[in-house]
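# Coordinates in review
Take a look at the letters that make up each chain.
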Amino acid sequence: MKLTRRHFIYLAGAVAVATAIGGYYWLSTRSEKRTLKIYNYSSYINPDIIKDFEAKYNVKVIYDEYESADEAFAKLQLGGGGYDLIVLTDQYVPQAVKKGLIQPLNKEKTPNLRNIDSLFLENRFDPGLNYSVPYAWGTTGIGINTDYVEEGEVSGYEQLFDTKGFLPKHKGKVSMLEEFLEVVNAAKLYLGIPLDDWSDQAVQKIIDLLRSQRDFLAGYYGASVYIPALAKGDLHAAQAWSGDVVQAQSENQKVKYVLPKEGAYIWIDFMTIPKNSQAPDLAHLWINYMLDPEVAAKNVNYIYYPSPIRKELLRGLVDEQILSNPAIYPPETAKLIQTMPISEEILSIIEQISTAVKKV
């Protein structure tokens with residue numbers, strides 16, 4: 001195991017080293033435990049990382065999970081729910097900054113930012129990482145169980161919206177993501193509607209398409225539902241996030257990942273510190289911890305989502321089968337689409353579409 005800067009702390013150099021890492025040395029020497037409250041997606045952390053963090057810094061971590069980014073943003077809008085760190089998907093970060101819901105990042109307390117790949121430093125949602133830090137990233141595609149769906153039978157969203165052939169054949173065995181922005185974006189790709197078109201005509205086309213699909217679906221599911229369902233065969237196909245499909249694949253090799261021919265979205269999930277955090281120092285400590293190559297590798301090996309740190313830092317720490325898996329690190333030939341930040345007005349439109357589709 002490589003030594004991190006914490007292994008070099010000795011009495012003779014404690015003050016100098018503590019200053020270099022943001023003054024956190026005292027946290028590990030206090031007799032009483034402080035509490036760090038974290039809110040993150042389900043099935044999105046190696047539980048040993050939490051235990052290691054607690055032991056290393058004498059901290060109690062309360063770790064709660066959600067299924068949809070809407071839940072996290074709603075919690076943030078209501079004051080943060082008492083959490084010290086909330087993972088937000090990229091689309092919500094600009095809104096959180098604009099509304100003053102999250103604190104600016106103290107970069108002196110996160111020296112491991114130097115490990116982040118340049119691709120993420122100048123992202124579209126928080127350029128320069130002044131308010132947030134990438135936690136993980138991936139693509140949105142389709143998971144299939146080849147015991148029930150032949151390889152090649154699903155090439156993209158064409159099948160997931162096919163109400164004449166594929167959906168009737170697999171009725172009640174197909175799901176879409178609970179996070180409805182992903183559902184709407186899939187519909188736009190299928191219909192050929194530009195991502196920035198939110199006209200009444202475009203919205204009605206999306207509603208009509210999703211209504212026609214709805215009665216064939218098992219439901220709109222989050223990771224904690226569709227991962228085991230794909231593995232068991234309770235779902236034959238599911239709109240899914242890349243790493244989740246690899247998790248299901250680790251339980252059943254018959255599960256495969258399809259990068260939709262219409263295009264696969266790249267997304268980034270960010271660690272943010274709510275304005276009302278009671279332990280922002282611990283939140284910064286957690287962020288810095290997650291950017292340590294050994295910790296990041298431990299998480300990648302467990303959740304099968306890429307870390308934002310540079311790939312070369314992970315070599316020798318992350319299983320090579322993971323680094324070479326196209327469901328985790330997409331091939332250069334894949335049609336990848338970067339989304340743009342959306343406004344509060346657009347978020348409202350997405351909610352209107354969701355209501356119109358689900359409550360009819």
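Just above sits the structure.
Residues numbered from 1 in each chain as written. Predicted model: local features only at pLDDT ≥ 70, side-chain atom pairs only at ≥ 80, totals over all residues. Heavy atoms only, no water.

## Things to note about the environment of Y329
In this structure, Y329 sits in the loop between α14 (320-323) and β10 (336-338). Placed 232 residues apart in sequence, Y329 and V97 show a C-alpha to C-alpha distance of 29 Å. If sequence neighbours within four positions are ignored, Y329 has contacts with W137, P306, S307, K311, L314, I322 and L323. (Helix = DSSP H or I, 4+ residues; strand = E, 2+ residues; numbered from the N terminus. Contact = heavy atoms within 4.5 Å.)

## Quick word on the packing of helix α2 (residues 47-57) against helix α13 (residues 293-303)
At a minimum axis distance of 9 Å, the contact between α2 and α13 shows a crossing angle of 155°. If you check the angle between α2 and α13, you find them roughly antiparallel. Of α13, the residues touching α2 (which contributes P47, D48, I49 and D52) are V295, K298, N299 and Y302. Taken together, the residues of the contact of α2 with α13 break down into 4 nonpolar, 1 polar and 3 charged. (Axes fitted to C-alpha atoms, helices over the stretch in contact; angles between N-to-C directions. Parallel < 35°, antiparallel > 145°, perpendicular 65-115°, else oblique. Nonpolar A, V, L, I, M, F, W, Y, C, P; charged D, E, K, R; others polar.)

## A few points about the pairing of strand β1 (residues 34-41)
In this structure, β1 lies alongside strand β2 (residues 59-66), joined through 8 bridges in parallel fashion. Looking at β2, one finds that I38 is bridged to Y63. Once you follow β1 into α2 and on to β2, the crossover reads as right-handed. In the sheet, β1 pairs with strand β3 (residues 85-89) via 2 bridges, with the strands oriented parallel. Paired with Y39 across the two strands is I86, which belongs to β3. (Pairing = 2+ DSSP bridges. Right-handed = clockwise from strand over helix to strand, strands pointing away.)

## Describing the side chain of E182
If you trace the backbone, E182 turns up in helix α8 (residues 180-191). Within the buried set, E182 has no salt-bridge partner at all; the shortest N-O distance to an opposite charge, 12 Å, is to K188. (Buried < 20%, exposed > 50% of the residue type's maximum accessible area, 1.4 Å probe, protein only. Lys, Arg positive; Asp, Glu negative; His and termini not counted. Salt bridge = Lys/Arg side-chain N within 4 Å of Asp/Glu carboxyl O.)

## Re the packing of aromatic side chains
All chains considered together, the criterion is met by 20 aromatic pairs. Aromatic pair F161 and Y190: ring centres 5.2 Å apart, planes at 40°, arrangement tilted. Of this pair, F161 sits in the loop between α6 (157-160) and α7 (166-169) while Y190 is found in helix α8, placing the two residues 29 residues apart along the sequence. The buried category is assigned to F161, whose relative accessible area is 3%. The rings of Y39, Y41, Y44, Y66, Y83, Y135, W241, W267 and Y305 are connected pair by pair, giving a single aromatic cluster. Directly above the ring of Y83 sits K37, whose terminal nitrogen or CZ lies 5.1 Å from the centroid. The side chain of K358 reaches across the aromatic face of Y220, ending 5.2 Å from its centre. (Phe/Tyr/Trp six-rings, centres within 6.5 Å; stacked < 30°, edge-to-face > 60°. Lys NZ or Arg CZ within 6 Å of the ring centre and 35° of its normal.)

## What about unusual backbone geometry?
Unusually for a residue other than glycine, N58 sits at a positive phi of about 55°. Mapping N58 onto the fold places it in the loop between α2 and β2. Positive phi, close to 50°, is recorded for L129, a residue that is not glycine.

## Some words on the packing of α2 against helix α12 (residues 280-290)
Look at α2 against α12: their axes get within 12 Å of each other, and the N-to-C directions meet at 125°. Taken together, the axes of α2 and α12 are oblique relative to one another. For the pair α2 and α12, the sense of crossing is right-handed. Every residue of α12 that contacts α2 at I49, I50, D52, F53, K56 and Y57 is listed here: L282, L285, W286, Y289 and M290. (Left-handed = near helix turned anticlockwise from the far one by under 90°.)

## Section: α8
With 12 residues, α8 should reach 16 Å at 1.5 Å per residue; the first-to-last C-alpha distance of 16 Å fits that figure. Among the 12 residues that make up α8, 10 are buried, leaving the element largely enclosed by the rest of the structure. Two residues or fewer after α8 comes G192, characterised by a positive phi angle close to 75°. (Expected span 1.5 Å × (residues − 1).)

## Here we look at empty space enclosed by the protein
Gaps left between atoms are located by rolling a probe of water-molecule size over the structure's atoms. Applying the stated rule across the entire model yields 3 cavities of 30 Å³ or more. Quantified by volume, the largest cavity comes out at close to 200 Å³. As for the largest cavity, its lining consists of 20 residues, and the residues nearest its centre are T89, E179, E182, W241 and W267. Contributing elements (two or more residues each) for the lining of the largest cavity: α8 and β9 (264-272). Looking at side-chain class alone, the lining of the largest cavity contains 8 nonpolar, 7 polar and 5 charged residues. The computed volume of the second largest cavity comes to approximately 70 Å³. Around the second largest cavity, the lining is made up of 14 residues, and of these Y135, M290, N299, S307 and P308 lie nearest the centre. Elements supplying a minimum of two residues to the lining of the second largest cavity: β4 (132-145) and α13. Per element, the largest residue contribution to the lining of the second largest cavity is 4 residues, and it comes from α13. (1 Å grid on protein atoms, 1.4 Å probe; cavity = no way out; pocket = protein on both sides within 12 Å on 5 of 7 lines; lining within 4 Å. Points joined across faces, edges and corners; volume = space filled by probe spheres on them.)

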